[in-house]
Each structure stands twice: as C-alpha cells, then as structure tokens.
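Structural overview for review
One letter stands for each residue in the lines below.
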Amino acid sequence: MDPSPLKYNDAGVLTHENFISDWTKFVEVYGNAKAAEFLEKSNATDLPDVVSIDLASDCNLKCPMCRYHGSDDARAHYAGRHAEIDDVVSFFEKAGGVETIAFGVMSEPFMRKDIWDCLEKLQPLCKSFEFSTNALPLTKTSIQKLARFNVKIIHVSCDAGDAEGYAKWRAGGKFSQFQEKLKYLADEFGDRVVFHAALYEQNQESLLKAPAFLKEIGLGELEMVRLFETTVSKMNGLKRLEGPGLISYLVKMLETCDREGIKLTYGLHTLSPEDAEAAYRATGGRLGCQSYHEAMSIHPCSMPWDYLGFQFGGNVKFCCGGVDGFPTKESPFKMNPLALVNSPVVRMVRAMTLAGFTPTGCSLNCGKKYRPTI
Ligand SMILES: C[S@@+](CC[C@H](N)C(=O)[O-])C[C@H]1O[C@@H](n2cnc3c(N)ncnc32)[C@H](O)[C@@H]1O
Ligand code: SF4
C-alpha cells in the first residue's frame, strides 16, 4: 500500500499547503514588490552549517512520545526506508562538503551496520559529526571506533532518571544496558555527551532523578525540550507541561542540578513566549529569556522517506519538525543539494521568516516570532 504523505501531517510536520497559504497572506501584507524582494534574498548559495540526515527509518525502541515509532500505525507508515551510502556520499560531494553532518532525526542511527563505512567516506566532507541516539545498539568496541571520527557532540536521548521510568518511556529498552552504554560513552567522549530528554507531565518525577544519575556516571549536562504533542503522543496519553506548572518544575530541576553539579539547558525554541519570559524571571535569567526564534530547521523532503534537515543560522536542534512534503518520492540524496535547499516552498518560508513574519504553523507550535534579519 502506498502510504499517503498527508496521513501524518498532524505528526507536527508542517506541510507545503500550510506555507503556501501563509505566503498568500504575506504577499497581501507586504505587497508584491516587497515579497519579491524578500524572495530574492532567500536564495541560498551554500548548504546551511548543519545538515541532519537519516540513513534509514528503523528504530529498536518504541518510545510512546515518538511520532515515528510510538505506535504500530506510525511504525508501519515510516517503515522500510533505506538510503544508499553512495548516494549520501555523492550528495555531500556535490555540496562541496558542510560544517556538520548530524545523524538521528527519525531513526536510530547506530542500527545501520554500514554506518561505519558511511562515516569513513563522509569524514573528509565535513568538519564534524553530531549524533542523536538512544545508545543501546552501541558496544564498548563500537564506541571506541566512534572516537576515531571527528565527533562534535552526542545527544543521548532518555526520558527518565530511573529504571521504572525508563521501562515506561523508553519502551523496549533495559535501563541496566543503557547505564552501561552511557558509562562507556562518558569515558570515551566526556563532556561531548549530553543527556537529552523530552519533558512531559508523566515523566517529570522520574526525570528529577536524572541529575544524581548523571553525576554518578560522570556526565555534566542535561538538556530538556518540551514534549512535542502529536497524534501518537496524545493517543499514548502524554501531556506537555506548560505555564506555572512548567515554571515551578524548571526551578526545582535547576536546584536539583545545582546540587549535583549538572549544567541544565532547556530548549528555548520549545518554550512559548510567555513561558520563556516567566522562566527567565523565575530563574534569575538562567533559563528562558527572549521570545524570538533565532533560527529554524527545514526538512524539505517528502515523508515518509529518508529524512534530511537543514538549519539556517543559530543552533536549533530538535525544532518543531520543519517543512514536509517536497513533492517527490525520489531519495533526496539523489537530488542536487542547492536545488533542494532552494526549492520554491523552502524559499517562501525563508523569505517570510527573514522578514520577521511568523507562519501560522510556527504560531501553532510555539508562538514565538521570527526576528527580522533583513
Ligand atoms: C526521533 S529521535 C531519533 C534519534 C534517536 N533514536 C534518539 O532517540 O535520540 C530524535 C529526538 O527526537 C526526540 N523526540 C521524539 N519524539 C518527541 C516528541 N514527541 N517531543 C519532543 N521530542 C521528541 C527524541 O527524544 C530524540 O531526542
Ligand atoms: S529511540 Fe528515538 S527514534 Fe526510537 S522510538 Fe525513541 S525517540 Fe523514536
């Protein structure tokens, strides 16, 4: 069965249709001449610094919050996508290389056995690699092998701070195995390993135990983002924290991290403008702050397919999901990199955000404004 590319639009991935109707509003507000001027300025002559990719769509876990793997339906929808390593390599050759290639957007990167061959071939084409992983497929030997590459950062995802929480929120994984892998990673990569968690109502208590756990392992940083609510997370009964409940939780978590000597970061791009400002006040400026986006991520390829994301400016990781629906089923890695990044809808999105106009889809996600940059 050919899965409808529209079926998972409510997975939080914004569609071309969203942006085309925003563009109509944008042209009404700014006028044809100004809109054309912004469109002209949106032309990218290079790939952005960070290009996020997946080599396949498989995962060993079934985390209930995950829009790609959190239900049987979602897993079936996204299953069975595999990119050819040669296509991936030739894509980055055509691009003339990039700063950072980031693995792990919708899948578990270390499930792909030939990832090592891929890293070998991509190393001359980028300054560094970045990974998002649940760490379970890694072994002590493969972690040592990984240390031979230029690794900038490894985000190890875990939405719990104890075995009980792990069994629920990282369904399919064993906490004792996770602990063991995390320890190997900490020993090999030190502060390049960051413990990453999505925060929601149900895992908040378990996550409060993470700082003590990290200290014991020898890690120093915990990064959290707000749960991105999708059909799958709602179906699994998960609710995001926001408003006063979120702010008092962040204060408590900050105190816990301070006690254990752990640095806490909270993804600003996943705070609403009100929560960003309230968190700033409640923590004496240590969390939260301004209410603007500083960057955005755009995924210009069709879903389900190999996932390819571009970041323009700033350092937004795990943003709201970007733009879906590049109208092709062809692997994006077979395409011309600059043509992809300059595809018509991507340029419209860039033109709007460069002008400081917030597309509706972005307002629905976190409501922050884009700071005009031209
Ligand atoms: C989809 S995973 C792919 C990489 C790898 N399997 C992992 O778990 O890190 C990429 C990131 O998305 C995050 N994520 C998944 N579903 C989410 C949701 N509903 N809200 C916020 N973050 C989510 C995960 O925590 C993970 O850090
Ligand atoms: S490990 Fe990552 S990709 Fe796999 S189910 Fe969990 S969040 Fe999704």
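Residues numbered from 1 in each chain as written. Chains lettered and ligands numbered in written order. Predicted model: local features only at pLDDT ≥ 70, side-chain atom pairs only at ≥ 80, totals over all residues.

**Some words on the packing of helix α2 (residues 32-41) against helix α15 (residues 344-354)**
Running from N to C, α2 and α15 cross one another at 110°; their axes reach a closest spacing of 8 Å. Considering their axes alone, α2 and α15 lie roughly perpendicular with respect to each other. Read as a crossing pair, α2 and α15 show a hand that is right-handed. Between α2, through Phe 38, Leu 39 and Lys 41, and α15, the contact on the second element is made entirely by Arg 347, Ala 351 and Leu 354. (Axes fitted to C-alpha atoms, helices over the stretch in contact; angles between N-to-C directions. Helix = DSSP H or I, 4+ residues; strand = E, 2+ residues; numbered from the N terminus. Parallel < 35°, antiparallel > 145°, perpendicular 65-115°, else oblique. Left-handed = near helix turned anticlockwise from the far one by under 90°. Contact = placed C-beta atoms within 7 Å.)

**Describing the confidence of the model for the protein**
Here the protein averages 83 in pLDDT, while 80% of its residues score no lower than 70. Note that residues 1-11 has pLDDT below 50 and, in this model, 17 contacts with residues that lie over four places away or in other chains. Segment residues 299-307 is flagged for pLDDT under 50; beyond a separation of four residues in sequence, or across chains, it makes 47 contacts in the model. (pLDDT = per-residue confidence, 0-100.)

**Structural notes on the environment of Leu 125**
Its place among the elements puts Leu 125 in the loop between α5 (115-122) and β4 (126-133). Put simply, Leu 125 and Thr 100 are 25 residues apart on the chain and 9.2 Å apart in space, counted from C-alpha to C-alpha. Apart from the residues within four sequence positions on either side, Leu 125 is in contact with Phe 92, Glu 93 and Gly 97.

**Focus: the nonpolar core**
Formed by 94 residues in total, the largest nonpolar core has its most connected members in Ile 101, Phe 195, Ala 197 and Leu 222. With residues up to four places along the chain from it excluded, the contact list for Ala 197 reads Cys 158, Asp 159, Leu 207, Ala 210, Leu 222 and Met 224. (Core = buried A, V, L, I, M, F, W, Y, C linked by C-beta atoms within 7 Å. Buried ≥ 20, exposed ≤ 12 C-beta atoms within 10 Å, placed from the backbone.)

**A look at the environment of Val 193**
Locating Val 193 in the fold gives a position in strand β6 (residues 193-199). The exposure class of Val 193 is buried, given the 25 C-beta atoms found within 10 Å. As for Val 193 and Leu 219, which are separated by 26 residues in sequence, their C-alpha atoms are 7.2 Å apart. The contacts of Val 193, once residues within four sequence positions are left out, are Ile 154, Val 156, Leu 185, Ala 186 and Leu 219.

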